[in-house]
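# Fold and contact review
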Amino acid sequence: MITQTAPVTPPTAVVPPKPAITRRRRKPSLQRTLSRVLIMLIVIVQVYPLAWLFLTSLRTEQDFATGDPFALPSSLTWENYARAFETGDLGRYILNSFVVTMGANVLIVLFGMMAAYAIQVLGFRLSRFVRGLFLIGIIVPVQIALVPLFIDYSTVNLLDTYQSMIIPLAGFALPMSIYLFSSFFEYIPRETYEAASLDGAGPYRIFGLITLPLSLNTVVTVVLVNSIFIWNDFIFANTFVLSEDLKTIPLGLQNYIGAMGKVDWTATFAAVCVTITPLLLVFLVLNKAMIQGLESGATKG
């Protein structure tokens, strides 16, 4: 007798349940937290003096003299700005500083770029040695040139002129400018110059059509870095300027010191606010180009 057995069904595989996907929040690392705190401290250190300077320029003279100089003003007034223009010729001081700053920057950019182009791009025997000589000028203090320059200027009748301030300011800023331009020129491919030479372009044409357009961000960087020091220069202006008509801003602020050393502080702070505003506006507008000029090259991007 044949008995039929029931077909054996294979056991069904048990699929384990998928684990629930849990998103973990990334905890801020200690390094990131410290960097943020450091950035906030730097911003506070940089912004607080400007905010305090502006608020103090709006305080009344009595409030500043009798109250806490670091406290918030009890009342605001714009009379300090009117008194600042009455006490000193701020318009003339700003104009003189602008002429000196622009004249020195033209010489710095022109001669600095041409020297870096000759050293880094054209190349010649002992070019590295010449570059080293220029870099030594960075460590030369400006004070050692005051007496010799004063004697030379008095001999050639250059005392009490714009040139007496522009020439030394440009000369002492050239080493750093040459270093910045030559460092940037290292990133420009040699093939670019070789292709231009094969097309029949000479060194002057290559400089005007290739090197100069590529160096615009570096030019902005050099101008902004040097403008800060030239705008605030006191040593050369105080040594070579003898008349009231050629006084720059640092010299003009001396007019706010009255008899027996009495200083009209609120008017002085108002004058300082007026004088630093143009430089701050230019820096805020061109800061991106300045950063790109410091860290970018022709092959980057």
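Worth saying up front: this structure is predicted, and the values here are computed from it rather than measured. (Residues numbered from 1 in each chain as written. Predicted model: local features only at pLDDT ≥ 70, side-chain atom pairs only at ≥ 80, totals over all residues. Heavy atoms only, no water.)

### Some words on the overall build of the chain
Keep this limit in mind: Secondary structure is summarised from DSSP: a helix means a run of H or I of at least four residues, a strand means a run of E of at least two, and numbering begins at the N terminus for each. Think of it in three bands: with a 1.4 Å probe and only protein chains considered, a residue is buried below 20% of the maximum accessible area for its type, exposed above 50%, and partly exposed in between. Whether two residues are in contact is decided by their heavy atoms, any of which lying within 4.5 Å being enough.
Counting secondary structure elements, the chain contains 13 helices and zero strands. For the chain, the sequential pattern of α-helices and β-strands runs α-α-α-α-α-α-α-α-α-α-α-α-α. Here the chain holds 301 residues, and the buried ones make up 33% of them. Partitioning the intrachain contacts of the chain with sequence separation of at least 6 by distance along the chain shows that 74% fall at a separation of at least 24.

### A look at the nonpolar core
Taken as a class, soluble globular proteins show a tendency for nonpolar side chains to be buried jointly. So the rule is basically this: Definition used in this section: a nonpolar core is a set of buried Ala, Val, Leu, Ile, Met, Phe, Trp, Tyr and Cys residues joined via side-chain atoms within 4.5 Å.
Membership of the largest hydrophobic core comes to 40 residues, with the highest contact counts inside it found for Met 113, Phe 181, Phe 185, Ile 206 and Phe 240. Of all the secondary-structure elements, those providing two or more residues to this core are α4 (90-122), α6 (146-156), α7 (162-185), α8 (190-198), α9 (203-214), α10 (216-231) and α11 (235-240). For this core, the element with the highest residue contribution is α4, accounting for 10 residues. In this view, Phe 181 contacts Val 109, Gly 112, Met 113, Ala 116, Thr 218, Val 219 and Val 222; residues no more than four positions away in its chain are not counted. Ranked by size, the runner-up nonpolar core spans 17 residues in total, among them Leu 53, Tyr 81, Leu 90 and Ala 271.

### Comments concerning the pattern of salt bridges
Formally: One speaks of a salt bridge when a side-chain nitrogen belonging to Lys or Arg is within 4 Å of a carboxyl oxygen belonging to Asp or Glu.
The tally for this structure, following the rule as stated, stands at three salt bridges. Asp 89 is paired through a salt bridge with Arg 92; the nearest N and O atoms lie 3.3 Å apart. The exposure class of Asp 89 is partly exposed, given its relative accessible area of 39%. On the basis of relative accessibility, which here comes to 37%, the residue Arg 92 falls in the partly exposed class. With a closest N to O distance of 3.1 Å, Glu 244 and Lys 247 form a salt bridge.

### Concerning the environment of Met 176
Tracing the chain through its elements places Met 176 in helix α7. Met 176 sits in the partly exposed class, given a relative accessible area of 37%. Sequence separation between Met 176 and Ile 138 is 38 residues; the distance between their C-alpha atoms is 6.6 Å.

### Some thoughts on α7
Rules: For a helix, the expected span equals 1.5 Å multiplied by the number of residues minus one. Consider a residue and the seven residues that end there alongside the seven that start there; fitting an axis to each set, the bend is the angle between those axes.
Over its 24 residues, α7 runs 32 Å from end to end, which matches the ideal 34 Å to within 8%, given 1.5 Å per residue. If you look at α7, its biggest bend is around 45°, right at Leu 174, and the proline Pro 175 turns up within four residues after that.

### Describing the side chain of Ser 57
Relative to the helices and strands, Ser 57 is located in helix α1 (residues 30-57). Residues in contact with Ser 57, not counting those within four places in the same chain, are Thr 77, Asn 80, Tyr 81, Thr 266, Phe 269, Ala 270 and Cys 273.

### Examining the packing of aromatic side chains
Here is the rule: Here is the rule: rings of Phe, Tyr and Trp (six-membered ring for Trp) pair when centre to centre is within 6.5 Å. Planes less than 30 degrees apart are stacked, more than 60 are edge-to-face, and the remainder are tilted.
Applying the stated criterion across every chain, the model contains nine aromatic pairs. Taking the centre distance of 6.1 Å and the plane angle of 15° together, the rings of Phe 236 and Phe 240 count as stacked. Pair noted here: Phe 236 and Phe 240 are both in helix α11, with a separation of four residues, about one helical turn. For Phe 236, a relative accessible area of 3% translates into the label buried. Among the aromatic residues, ring-to-ring pairing joins Tyr 153, Phe 172, Phe 236 and Phe 240 into one connected group.

### Section: the confidence of the model for the chain
Spelled out, the test is: Note: pLDDT gives the predictor's confidence per residue, expressed from 0 to 100.
Per-residue pLDDT for the chain averages 81, and the proportion of residues at 70 or more is 85%. Segment residues 297-301: pLDDT under 50, and 10 contacts once partners within four positions in sequence are set aside and those in other chains are kept.

### Side note on the environment of Phe 70
Position of Phe 70 relative to the elements: it lies in the loop between α2 (61-66) and α3 (79-87). Overall, Phe 70 belongs to the exposed group, its relative accessible area being 56%. In this structure the C-alpha to C-alpha distance between Phe 70 and Leu 53, which are 17 residues apart in sequence, comes to 9.9 Å. Beyond its immediate chain neighbours, meaning those up to four positions away, Phe 70 contacts Tyr 48, Trp 52 and Arg 59.

### A few points about a nonpolar patch on the surface
Note the threshold: For patch detection, residues must exceed 30% relative accessible area and be free of salt bridges, and they are connected within 9 Å for like charges or within 5 Å for nonpolar side chains (Val, Leu, Ile, Met, Phe, Trp, Tyr). Surface accessibility in these figures is a Shrake-Rupley result with a 1.4 Å probe; residues are shielded only by whichever protein chains are displayed.
A cluster of nonpolar side chains, Leu 126, Phe 129, Leu 133, Ile 136, Ile 138, Ile 139, Val 140, Ile 144, Met 176 and Tyr 179, forms an exposed patch at the surface whose accessible area comes to about 990 Å². Among the secondary structure elements, those contributing two or more residues to the nonpolar patch are α5 (127-136) and α7. The greatest single-element share of the nonpolar patch, amounting to three residues, is contributed by α5. Structurally, the position occupied by Leu 126 is in the loop between α4 and α5. Classification of Leu 126 by relative accessible area gives exposed; the value is 58%.

### Thoughts on unusual backbone geometry
Positive phi, close to 60°, is recorded for Asn 157, a residue that is not glycine. Within the secondary structure, Asn 157 sits in the loop between α6 and α7. Under the relative-accessibility criterion, Asn 157 is labelled exposed at 65%. Its identity is not glycine, yet Asp 160 carries a phi of approximately 60°, on the positive side. Counting through the fold element by element, Asp 160 comes out in the loop between α6 and α7.

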